[in-house]
Number of protein chains: 2
Amino acid sequence: MKFYGALEAGGTKMVLAVIDEEGTVQKRVSMPTLTPAETMPGMIDFFRGSPIVALGIGSFGPLDLNPRSETFGYITATPKLAWRNYPLLEEFTKQLGVPAALDTDVNGAALAESVLGAAKGLESCLYVTVGTGIGGGLIIHGQPVHGLVHPEIGHIPVTPLPNDPMPGGICPYHGACLEGMASGPAIEKRWGVSAKELPDDHPAWDLESGYLSQLCVSAMLSFSPEKIILGGGVMQKKFLLPMIREKTVRSLKGYVSHPAVEAGLTDYITEPGLDTASGIMGAWLLARQAEKLAQPNHRESI
Amino acid sequence: MKFYGALEAGGTKMVLAVIDEEGTVQKRVSMPTLTPAETMPGMIDFFRGSPIVALGIGSFGPLDLNPRSETFGYITATPKLAWRNYPLLEEFTKQLGVPAALDTDVNGAALAESVLGAAKGLESCLYVTVGTGIGGGLIIHGQPVHGLVHPEIGHIPVTPLPNDPMPGGICPYHGACLEGMASGPAIEKRWGVSAKELPDDHPAWDLESGYLSQLCVSAMLSFSPEKIILGGGVMQKKFLLPMIREKTVRSLKGYVSHPAVEAGLTDYITEPGLDTASGIMGAWLLARQAEKLAQPNHRESI
């Protein structure tokens with residue numbers, strides 16, 4: 001049996017697991033994200049404790065994912081200053097001596113959903129987590145999308161809704177971008193109560209589903225994913241999904257002609273298939289890709 | 001020497017070419033797009049007149065590009081009623097007896113730009129034509145993106161600018177979507193003069209570059225293409241590009257950290273490298289893919 005290291009590197013905590021080749025989690029710990037000097041040694045020790053053949057990392061960002069760049073594998077302009085310009089991938093490769101792969105946490109989750117979860121068998125999906133922030137991972141042609149940098153779909157511009165008492169938003173960069181309007185903190189700032197405590201019939205949810213439907217419309221028209229998966233803390237309010245679907249269908253105005261739209265997007269805009277495990281399973285899949293890429297006879301395009 | 005058929009199927013005219021394996025156009029004609037009964041026989045005759053080994057078609061849409069669908073290769077819900085639900089790909093395959101491939105006109109153009117033009121050597125690009133309508137083609141991981149349907153990025157929502165005298169837009173589906181605000185007809189409707197006749201210092205261009213920068217911002221944050229190529233009639237106003245770049249940088253507010261942004265996006269938001277030939281050369285590349293896919297020993301994922 002082969003073992004893989006999987007790391008979900010979050011801004012507040014690190015989740016580490018050793019997962020076997022069948023996808024069974026053998027060991028799993030979490031530790032707070034302090035500085036690299038404080039947090040890296042414990043992580044290295046954890047992975048050294050098992051005979052892993054490769055490591056996969058889904059990390060908070062932004063990340064440099066361009067293999068031709070001198071700072072490939074670095075965490076770049078993060079507001080977490082201790083981790084800014086930190087060579088995360090290189091440190092692990094050097095210390096562990098196994099092949100390793102790095103992607104954004106949300107690209108990892110999207111990959112897991114596309115291989116094992118709600119988008120299983122599809123070539124493309126968008127995975128978005130709506131919580132403290134809004135982040136999105138994107139799979140197209142079966143592989144995570146990087147491009148110039150990597151998707152930051154949480155920050156796309158949205159149009160303020162007419163009845164929004166906080167039309168300026170709260171994003172420190174963009175004000176009224178999606179995250180600035182629809183993240184957990186935006187909801188709390190707008191209504192003075194946390195999203196969790198707002199009753200189900202509060203007007204907050206009409207706005208929230210309105211902004212998230214703008215995301216869905218924009219995604220469907222821009223790159224036409226085969227599935228949109230919405231997860232994260234805010235989406236625990238299960239009544240949001242049908243509201244988002246309905247507003248998305250309404251906004252498309254019949255322009256996208258497809259059975260999924262005619263069916264009210266019920267199977268199209270969905271919750272994650274892996275619940276909260278998509279992050280760590282994404283890291284496992286990245287580890288498996290790293291192993292394959294390191295084999296001498298791998299083809300350039302896996 | 002091998003020859004390929006290339007068809008750029010537009011809503012008003014068809015451009016047909018026979019192109020050799022080195023990419024040299026051997027023959028080229030155009031004919032008006034009437035009904036299938038009127039237009040198909042002439043096109044079939046043209047291609048029959050040369051020993052082509054495969055045919056590539058870049059077509060107006062919407063198209064069904066899902067190989068698992070019963071109406072794969074059809075033009076679907078087009079407003080050009082004579083072509084609605086027309087099995088374009090099947091008709092050519094049946095009549096010509098050679099492998100054929102179909103994609104949207106703009107995906108074809110994007111493919112040509114990514115292989116031969118402004119995005120040569122890159123894995124991804126967005127190609128957008130701004131004219132009578134606004135359409136976009138998308139290449140990711142070196143291949144055109146289809147997904148659920150195919151990108152229709154001309155219809156993404158935009159936020160009306162405060163000084164716009166026509167904030168409702170003119171798109172019959174969405175009103176104030178990108179096409180409804182920034183296409184040639186939108187400009188003409190807004191100012192009562194055609195885009196061509198408007199002087200370079202007219203306030204129209206401030207609005208136009210504003211809306212097109214919203215497209216660029218949304219694309220960069222959503223799927224992070226390695227290049228954005230803007231073509232079409234409206235973009236003949238060469239002073240628009242620098243205005244769009246500047247507004248895009250300003251709207252990103254430093255959030256996307258990359259040398260291309262620091263360089264003012266000069267090499268990033270660009271004009272087409274193939275001028276007006278991207279459409280027909282895209283069809284040629286599709287023909288070559290069709291030939292490869294038809295070979296008995298091709299791999300499933302080219």
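To keep things clear, this report deals only with the structure shown in the data block. Just so we're clear, the structure is a prediction, and the values are computed from it rather than from any experiment.

Glancing now at the pairing of strand 4 (residues 52-59) of chain B. Residues and elements named next belong to chain B. Counting buried residues along strand 4, seven of its eight residues qualify, which places the element largely inside the surrounding structure. Pairing between strand 1 (residues 3-9) and strand 4: seven bridges, direction parallel. In the sheet register, F3 faces strand 4, and the bridge partner there is I52. Pairing of strand 4 with strand 5 (residues 100-104), which is carried by five bridges, proceeds in the parallel orientation. From the neighbouring strand, I57 faces strand 5, where its bridge partner is L102. Where the polypeptide runs from strand 4 across helix 2 (residues 88-96) and back to strand 5, its parallel neighbour, the crossover connection is right-handed.

On to the environment of A:K27, then. All names here are of chain A. The topology assignment puts K27 in strand 3 (residues 25-32). When the C-alpha atoms of K27 and F47 are compared, they prove to be 10.0 Å apart, with 20 residues separating the residues in sequence. The contacts of K27, once residues within four sequence positions are left out, are L16, A17, V18, F46, G49 and S50. Here the side chain of K27 touches S50 through a polar contact of 3.1 Å, side chain to side chain.

So, about the packing of aromatic side chains. Under the criterion given, the structure shown has 13 aromatic pairs over all chains. When the centroid spacing of 5.3 Å and the interplanar angle of 75 degrees are considered together, the rings of A:F46 and A:F47 count as edge-to-face. Classification of A:F46 as buried rests on a relative accessible area of 11%. Ring centres of B:W205 and B:F239 lie 5.6 Å apart, and the angle between their planes is 80 degrees; this geometry places the pair in the edge-to-face category. With B:W205 in helix 6 (residues 204-222) and B:F239 in the loop between strand 9 (228-231) and helix 7 (240-252), this residue pair connects regions lying 34 residues apart in the sequence. Given a relative accessible area of 1%, B:W205 falls into the buried group. B:F239 gets classed as partly exposed once you look at its relative accessible area, which sits at 22%. Grouping aromatic residues by their ring pairs yields a cluster made of A:F46, A:F47 and A:F92. Between the NZ or CZ atom of A:K27 and the centre of the ring of A:F46, over which it lies, the distance is 4.9 Å.

Rules of the game
Residues numbered from 1 in each chain as written. Chains lettered and ligands numbered in written order. Predicted model: local features only at pLDDT ≥ 70, side-chain atom pairs only at ≥ 80, totals over all residues. Heavy atoms only, no water. Buried < 20%, exposed > 50% of the residue type's maximum accessible area, 1.4 Å probe, protein only. Helix = DSSP H or I, 4+ residues; strand = E, 2+ residues; numbered from the N terminus. Pairing = 2+ DSSP bridges. Right-handed = clockwise from strand over helix to strand, strands pointing away. Contact = heavy atoms within 4.5 Å. Polar contact = N/O pair within 3.5 Å; in protein donor to acceptor, adjacent residues only side chain to side chain. Phe/Tyr/Trp six-rings, centres within 6.5 Å; stacked < 30°, edge-to-face > 60°. Lys NZ or Arg CZ within 6 Å of the ring centre and 35° of its normal.

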